[in-house]
Every structure is written in structure tokens, then in C-alpha cells.
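Take a look at the letters that make up each chain.
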Amino acid sequence: MSGIASLVAGLLIVLTALGLAAAAGLRVFLPLFLAGLAGRFEWAPLHENFEWLASTPALVAFGIASLVEIASYHVPLVDHLLDTLAVPAAAIAGAAVSLAVLVEFDPWLRWSLAVIAGSGLAASIRVPIAGARAASTVTTAGVGNQALALLESLGATVLSFLAVLLPLAILPVLVVLLACVVLLWRRIGPGRTKRLPSAP
């Protein structure tokens, strides 16, 4: 029974890591902030090397950074500038937040999950969304960018809270999210935004 309990506990931890990594693909700082809050209020444990995320200075810094990032995506042109930096930043944040919550794992497995699953998941979500923003700018003269930015922020918030408080719910949410990402990528993949009609 203890073996089954350990397996379930490990699965929940992995789901938490994947949920936060997916959120990092939408907003870079928000998952790190909520991971710190989770450690601070003991909603979820943090790896000993990342316990600093729960410190007051870190929470203040990531909280402010989250608000600035969310607000900046509603500023024309700034949103595109952020998108040029967002893919590598999301990949790093996805790996970092995964490392923070993957406790009680063998170091080799922990790093493998963080780099391959955490970083890869965050980047795979960020890339097509950046493309969607470019397509939105072309087809709606930037009007649709505001709705997209709001959806991204809401998605990152919901994913982060679910990952920390209800990790079992992350699995179906991730399946739906990845299906949407695949459909989005097929619609606005490389070279396709050039063929979109210009806004009147």
C-alpha cells in the first residue's frame, strides 16, 4: 500500500510541475510567484534549493514582475517585443518552476523532467501563441491582441492554481490545452501569417 501511495504522491507532484510549466508558457513570472505562495502557505512543498521562492523579497519581486508582465501585454508594440523574448524566457521558467516543485525525486530524473517536460511544454505553448498574436495584429489591426492577452493571463492563473491546489484536474486541462495549441499551430504555423489577409 505504501508503494501505491508513493506512486500516487509522485504522480501528483509531476502533475503540479507540468501545470506550472504550462502556465509559464502563458506568463513567465506568475507561476514562479504562485509556486512561492504555495511554499509559503504550505499548499505544496518546494525543493530545498528553491525554498527562497517562498521568502518575502522573492514573493514581492515575482508579484511585481507578474503584474508588470500582465499589464505590458496590453500595450501595443510592447506585446510583440515581449514575444521576441518570451520563448526562451518561458522555457527557462518552465524548467525552473518544475525544479522547484519536483521534490523527493532522484536528481537525474528531476532534471530530466524539468528540462525535457517542463521547459519543452512551456516553449511549445509559447511559440504558437506568439504566432497567434502576430496573426491577430495583421487581421484585426491589433484589436484582438487585447482579448488574447487577457485569455493568456487568465489561463496562466487558472493553470497555476489548479496545479498547486488540485493537480489531478491538470491532466484533462493539459490535454485540452495541447489540442488547442496543435490546432493553433496548424492554422498559423511558419509562413502562414504571411498569407493572412490584411486588416481593412
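Conventions adopted
- Residues numbered from 1 in each chain as written.
- Predicted model: local features only at pLDDT ≥ 70, side-chain atom pairs only at ≥ 80, totals over all residues.
- Heavy atoms only, no water.
- Helix = DSSP H or I, 4+ residues; strand = E, 2+ residues; numbered from the N terminus.
- Buried < 20%, exposed > 50% of the residue type's maximum accessible area, 1.4 Å probe, protein only.
- Contact = heavy atoms within 4.5 Å.
- Areas by Shrake-Rupley, 256 points an atom, 1.4 Å probe, with all protein chains shown as cover.
- Lys, Arg positive; Asp, Glu negative; His and termini not counted.
- Charge placed at Lys NZ, Arg CZ, Asp CG, Glu CD.
- Polar contact = N/O pair within 3.5 Å; in protein donor to acceptor, adjacent residues only side chain to side chain.
- Axes fitted to C-alpha atoms, helices over the stretch in contact; angles between N-to-C directions.
- Parallel < 35°, antiparallel > 145°, perpendicular 65-115°, else oblique.
- Left-handed = near helix turned anticlockwise from the far one by under 90°.
- Nonpolar A, V, L, I, M, F, W, Y, C, P; charged D, E, K, R; others polar.

Here we come to the overall build of the chain. Tallying secondary structure elements over the chain gives seven helices and zero strands in all. Shown N-terminal to C-terminal, the secondary structure of the chain runs as helices and strands in the order α-α-α-α-α-α-α. Dimensions of the chain, computed from C-alpha atoms along their principal axes, come out at roughly 65 × 35 × 25 Å. Per-residue burial for the chain yields a buried fraction of 44% across its 200 residues. Here the analysis covers contacts within the chain between residues at least 6 apart in sequence; of these, 73% occur between residues at least 24 apart. Carbon and sulfur atoms provide 76% of the accessible area of the chain, an area that totals close to 10300 Å². Side-chain charges of the chain comprise 10 positive and 9 negative groups, with the mean position of each set lying 19 Å from the other.

On to the side chain of Arg 27. On the secondary structure map, Arg 27 appears in the loop between α1 (2-24) and α2 (29-40). We classify Arg 27 as buried; its relative accessible area is 0%. In terms of polar contacts, Arg 27 uses its side chain to reach the side chain of Glu 152, at 3.1 Å. Apart from the residues lying within four places of it in its own chain, the contact partners of Arg 27 are Glu 69, Ile 70, Tyr 73, Arg 126, Ala 149, Glu 152, Ser 153 and Ala 156.

Here we come to the environment of Gly 118. Within the secondary structure layout, Gly 118 lies in helix α5 (residues 107-140). Between the C-alpha atom of Gly 118 and that of Pro 31, which follows or precedes it by 87 residues, the distance is 12 Å. Here Gly 118 is in contact with Ala 21, Gly 94, Ala 95, Ser 98 and Leu 113, once residues within four sequence places are set aside.

All right, on to the side chain of Arg 133 then. As for its placement among the helices and strands, Arg 133 is situated in helix α5. Within the structure, the side chain of Arg 133 is placed 2.8 Å from the side chain of Glu 152, a separation counted as a polar contact. Other than its neighbours up to four places away in sequence, Arg 133 contacts Tyr 73, Asp 79, His 80, Asp 83, Arg 126, Asn 145, Leu 148, Ala 149 and Glu 152.

What follows concerns the packing of helix α4 (residues 78-101) against α5. Packing of α4 against α5 brings their axes to within 7 Å, and their N-to-C directions diverge by 160°. Comparing their axes, α5 and α4 come out roughly antiparallel. Of the two elements, α4 crosses α5, and the hand of that crossing is right-handed. Residue composition of the contact of α4 with α5, grouped by class: 13 nonpolar, six polar and five charged.

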